[in-house]
Amino acid sequence: MAERRLLVLFGSQTGTAQDTAERIGREAKRRHLRCRVEALDSCDVANLIHEPLVVFVCATTGQGDPPDNMKMFWRFLFRKNLPAGSLCRLDYAVLGLGDSSYPKFNFVAKKLHKRLLQLGGNPLLPVALGDDQHDLGPDAVVDPWLVALWDKILALYPLPPGLGIIGPDVRLPPKYTLRYLPEDAPHPDSDLLQPPAPRAAPCELHPFAARVLSNQRVTAPSHFQDVRLIEFDIAGSGITFSAGDVVMIQPQNCPEDVQQFCQLLRLEPHRRFVLEPTEPGTPLPPLLPQPCTVQYLVSHYLDISCVPRRSFFELLASFSTNELEREKLQEFSSAQGQEELFSYCNRPRRTTLEALWDFPHTTCAIPADYLLDLIPRIRARAFSIASSLLAHPERMQILVAVVRYKTRLSKPRRGLCSTWLASLNPERGDVRVPLWVKKGGMKFPADPATPVIMIGPGTGVAPFRAAIQERVALGRRGNCLFFGCRYKSKDFYCRTEWEELVTKGLLTLFTAFSRDQEEKVYVQHRIQENGRLVWELLSSGNARVYLAG
């Protein structure tokens, strides 16, 4: 009998595709299939020719781009020299997750499906196109597609004699076991919690702990929005960047949330543990030291402030000993309960921690072993770099709007990363932020004669500040900036810097302060008013136009 094994590969930017891939992995285990779930860039693509059965779960980002953790796979798969029949032994299925409000809806999934066909793969089903815009979200497509997928797979690989599908009332084992160390076990040097000095340029697995040099509010104290200009010391990091590049920052949960979480789940923050995989060959989660404290796990790793997904409620229901709570959790994890879940969770942006408060009997029964199955890891946030190494050697600056807004919940919603960054005070000692740099989507012209028209309202001006600093340092003129904000006196970021450059003849600046007069004025009005100049730069100057929001 053919070996019953399945490989589930995902390309995920925000975690939705990974969550869906892990759901498929759990359903495979309930059907007694040997199953691995991994990111596309973590798997050796050359080994695909030896895989009998693969399910691909792919998101599409931006303008039809593949997510970061499948970019290498994407480049390999579209190499011209791959032989036409190289995947003829592969049975596959592609599940796409996208948003139909974008022109290139599910572009990656469609293109992948087509390419696998070209290489000789055998599709088990037509490509599934999950849509965020649907009232029930992507699950409206995913749920029925998975029913059809399991029918196909079980027809090819029937259940072993005497075994049935493991029902939803049976809880699957956790991915890892938390083995607590005795209180008196010797402590390794605290240095072990510091990542080793990176050998190459810092990256997601080896971020650089950059010291915060300054954290300055750049909006007036009376202004509703708190915006910060934050400067990091990157000396000795090996980090280089140019205008348009992006810095990835790995945030932490706030101490009050960490304390509440530990109290709710009756965890002892100082306890130390090591993680042991339940199945041999499962890699340990990156960026978690071994041994680790509960405090470190909750503050640096578990995303307790994210809006929980359907899978969270499904697993939570399996721990519940309280009938009322269990019924509600089961409703939230059912296909019929998705509208109800949307209005409980997504619409008001309720956090995982707040959801746990609402199910107190269930929460105190959560086994610690399941924490990493229940709660996703904290994802890094991307910020446009707002400075140039030519103007500020060994330094990096970012412009951060602190995210805070109201929903129907009494407590205002706060952005995890921006709130954490705003709370860092370099005057209170050595404050460090784990970060690394990624190439951005904006490339500025190499030809010094090419003029540049930049449209950057609000914090969208950040990448243009980097570009203008870089271009001025290289002696390039033809810098034209359209900047917009609400009030000249309250949120005109980097005002003195721009005015100095204007005085020196190195920058042409047009400003739109929308609330400083009766009728609202935006950057598009200033572009229209200066249409002749803009057209002249475009038609005879061959200018490039850049826009950031």
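Owing to the predicted nature of the structure, the values given are computational and were not obtained by experimental measurement.

Participant: It is not clear to me how the pairing of strand β2 (residues 34-39) should be interpreted in this structure. Could you clarify?
Facilitator: On any regular strand, side chains alternate: one points to one face of the sheet, the next to the other face. In terms of strand pairing, strand β1 (residues 5-11) meets β2 through 6 bridges, oriented parallel. Its bridge partner being in β2, Leu6 is matched across the sheet by Cys35. Handedness of the crossover joining β1 and β2 through helix α1 (residues 16-30) is recorded here as right-handed.

Participant: Any chance you could explain the pattern of salt bridges here in plain terms?
Facilitator: Summed over all chains, the structure comprises 31 salt bridges. Glu331 is paired through a salt bridge with Lys328; the nearest N and O atoms lie 3.2 Å apart. With Glu331 and Lys328 both in helix α8 (residues 323-332), this residue pair falls 3 residues apart, about one helical turn. Given a relative accessible area of 31%, Glu331 falls into the partly exposed group. Classification of Lys328 by relative accessible area gives partly exposed; the value is 27%.

Participant: Looking at this structure, how should I read the UniProt feature "domain: Flavodoxin-like" (unreviewed entry) in the protein chain?
Facilitator: When the UniProt feature table is mapped to this numbering, "domain: Flavodoxin-like" (unreviewed entry) covers residues 6-150. Here residues 6-150 runs as 32% helix and 23% strand, with 12 Å between its end C-alpha atoms.

Participant: It is not clear to me how the environment of Asp430 should be interpreted in this structure. Could you clarify?
Facilitator: Relative to the helices and strands, Asp430 resides in the loop between α13 (416-423) and β17 (432-438). Side chain to side chain, Asp430 and Arg432 meet in a polar contact 3.1 Å long.

Participant: Just to check I follow, could you spell out unusual backbone geometry for this structure?
Facilitator: Backbone geometry follows two general trends: most residues other than glycine have a negative phi, and most peptide bonds adopt the trans configuration. Following Gln290, the chain continues to Pro291 via a peptide bond in cis, the omega torsion being -10°. Relative to the assigned elements, Pro291 resides in the loop between β11 (272-277) and β12 (292-293). Positive phi, normally seen in glycine, also occurs at Leu287, with a value near 70°. Along the chain, Leu287 turns up in the loop between β11 and β12.

Participant: For this particular structure, what's the right way to read the environment of Pro457?
Facilitator: With respect to the secondary-structure elements, Pro457 resides in the loop between β18 (452-455) and α14 (462-473). A C-alpha to C-alpha distance of 32 Å links Pro457 and Ala17, two positions 440 residues apart in sequence. Beyond its immediate sequence surroundings of up to four residues, Pro457 is in contact with Gly484, Val523, Ala548 and Gly549.

Participant: So what exactly am I meant to see when it comes to the packing of aromatic side chains here?
Facilitator: In this description, an aromatic ring pair is defined by two values, namely the gap between the centres and the angle between the planes. One pass over the full model with this rule turns up 12 aromatic pairs. Here Phe56 and Phe73 contribute two aromatic rings whose centre-to-centre distance is 6.1 Å and whose plane-to-plane angle is 35°, an arrangement assigned as tilted. Linking Phe56 in strand β3 (residues 53-59) with Phe73 in helix α2 (residues 71-77), this pair joins segments that are 17 residues apart in sequence. Its relative accessible area of 0% is what places Phe56 among the buried residues. By the ring-pair criterion, three or more aromatic residues cluster together here, those being Phe312, Phe313, Phe332 and Tyr344. Here the guanidinium or amino end of Lys111 rests over the ring plane of Phe78, the centre of that ring lying 4.9 Å away. The ring of Tyr370 has Arg171 lying over it, and the distance from NZ or CZ to the ring centre is 5.4 Å.

Participant: Honestly, the environment of Asp19 in this entry has me stumped. Any pointers?
Facilitator: Structurally, Asp19 is set in helix α1. Sequence spacing of Asp19 and Arg310 is 291 residues, and the spatial spacing of their C-alpha atoms is 9.4 Å. Here Asp19 is in contact with Arg309 and Ser311, once residues within four sequence places are set aside. In this structure the side chain of Asp19 is engaged in a polar contact, spanning 2.7 Å, whose partner is the side chain of Ser311.

Participant: Looking at this structure, how should I read the UniProt feature "domain: FAD-binding FR-type" (unreviewed entry) in the protein chain?
Facilitator: UniProt feature "domain: FAD-binding FR-type" (unreviewed entry): in the numbering of this structure it lies at residues 205-445. Summarising residues 205-445: 29% helix, 21% strand, and an end-to-end C-alpha distance of 32 Å.

Participant: Teacher, can you tell me more about the pairing of strand β20 (residues 508-513) here?
Facilitator: Of the strand pairs in this sheet, strand β19 (residues 479-485) and β20 are connected by 6 bridges, and their pairing is parallel. Of the residues in β20, the one forming a bridge with Gly484 is Ala512.

Participant: Sorry, what's going on with the side chain of Arg115 here?
Facilitator: Residue position: Arg115 is located in helix α3 (residues 107-118). Buried charge without a salt bridge: Arg115, with Asp41 as the nearest opposite-charge side chain at an N-O distance of 14 Å. At 2.7 Å, the side chain of Arg115 and the backbone oxygen of Leu77 are in polar contact. With residues near it in sequence (within four places) discarded, Arg115 still touches Leu77, Phe78, Arg79 and Leu82.

Participant: Is there a simple way to think about the sheet that holds strand β21 (residues 544-547) in this case?
Facilitator: Remark on secondary structure: sheet strands pair via backbone hydrogen bonds, oriented parallel or antiparallel. Overall, parallel pairing links the 4 strands, which are arranged β20-β19-β18-β21 in an open sheet. The open sheet has two edge strands, β20 and β21, and neither has a second partner. Within the sheet, the average angular offset between the axes of one strand and its neighbour, ignoring direction, is 10°. Sheet analysis places β18 next to β19, joined by 4 bridges and oriented parallel. Bridge pairing links Ile455 to Phe482 in β19. Packing against the sheet, α14 makes contact with β18, β19 and β21, and its axis sits at approximately 155° to β18.

Participant: How should I be thinking about the sheet that holds strand β10 (residues 246-249) in this particular structure?
Facilitator: Read across the sheet, 6 strands follow the order β13-β10-β17-β8-β9-β14 without closing on themselves; strand pairing throughout is antiparallel. Edge strands, defined here as strands with exactly one partner in the open sheet, are β13 (381-384) and β14 (395-401). Between one strand axis and the next, the sheet turns by 40° as a mean value, whatever way the strands run. Pairing between β10 and β13: 4 bridges, direction antiparallel. Bridge pairing in β13 links Met248 to Ala382.

Participant: Can you help me understand a nonpolar patch on the surface in this one?
Facilitator: On the surface, a nonpolar cluster with roughly 300 Å² of combined accessible area is contributed by Trp535, Leu538 and Val545. Mapped onto the fold, Leu538 is located in helix α17 (residues 531-539).

Participant: Is there a simple way to think about the domain arrangement of the protein chain in this case?
Facilitator: It is common to report an interface's size as the accessible area lost on association of the parts. Considered domain by domain, the protein chain is made up of domain 1 (5-156), domain 2 (208-250 + 380-438), domain 3 (255-374) and domain 4 (452-547). Put simply, the middle of domain 2 and the middle of domain 3, counted by C-alpha atoms, are 28 Å apart. Contacts between domain 2 and domain 3 engage 8 residues on the former and 11 residues on the latter. Approximately 690 Å² of surface area, both sides summed, lies buried where domain 2 meets domain 3, with 41% of it carried by carbon and sulfur atoms. The largest share of the area that domain 2 buries against domain 3 comes from Arg408, Leu409 and Arg413, three residues that together contribute 52% of it.

The rules behind the values
Residues numbered from 1 in each chain as written. Predicted model: local features only at pLDDT ≥ 70, side-chain atom pairs only at ≥ 80, totals over all residues. Heavy atoms only, no water. Pairing = 2+ DSSP bridges. Helix = DSSP H or I, 4+ residues; strand = E, 2+ residues; numbered from the N terminus. Right-handed = clockwise from strand over helix to strand, strands pointing away. Salt bridge = Lys/Arg side-chain N within 4 Å of Asp/Glu carboxyl O. Buried < 20%, exposed > 50% of the residue type's maximum accessible area, 1.4 Å probe, protein only. UniProt positions renumbered as here; feature names shortened; annotations may be inferred. Polar contact = N/O pair within 3.5 Å; in protein donor to acceptor, adjacent residues only side chain to side chain. Contact = heavy atoms within 4.5 Å. Phe/Tyr/Trp six-rings, centres within 6.5 Å; stacked < 30°, edge-to-face > 60°. Lys NZ or Arg CZ within 6 Å of the ring centre and 35° of its normal. Lys, Arg positive; Asp, Glu negative; His and termini not counted. Axes fitted to C-alpha atoms, helices over the stretch in contact; angles between N-to-C directions. Patch = residues over 30% accessible without salt bridge, like charges linked within 9 Å, V, L, I, M, F, W, Y side chains within 5 Å. Areas by Shrake-Rupley, 256 points an atom, 1.4 Å probe, with all protein chains shown as cover. Domains from an automatic or database assignment. Buried area = accessible area lost by both parts, 1.4 Å probe.

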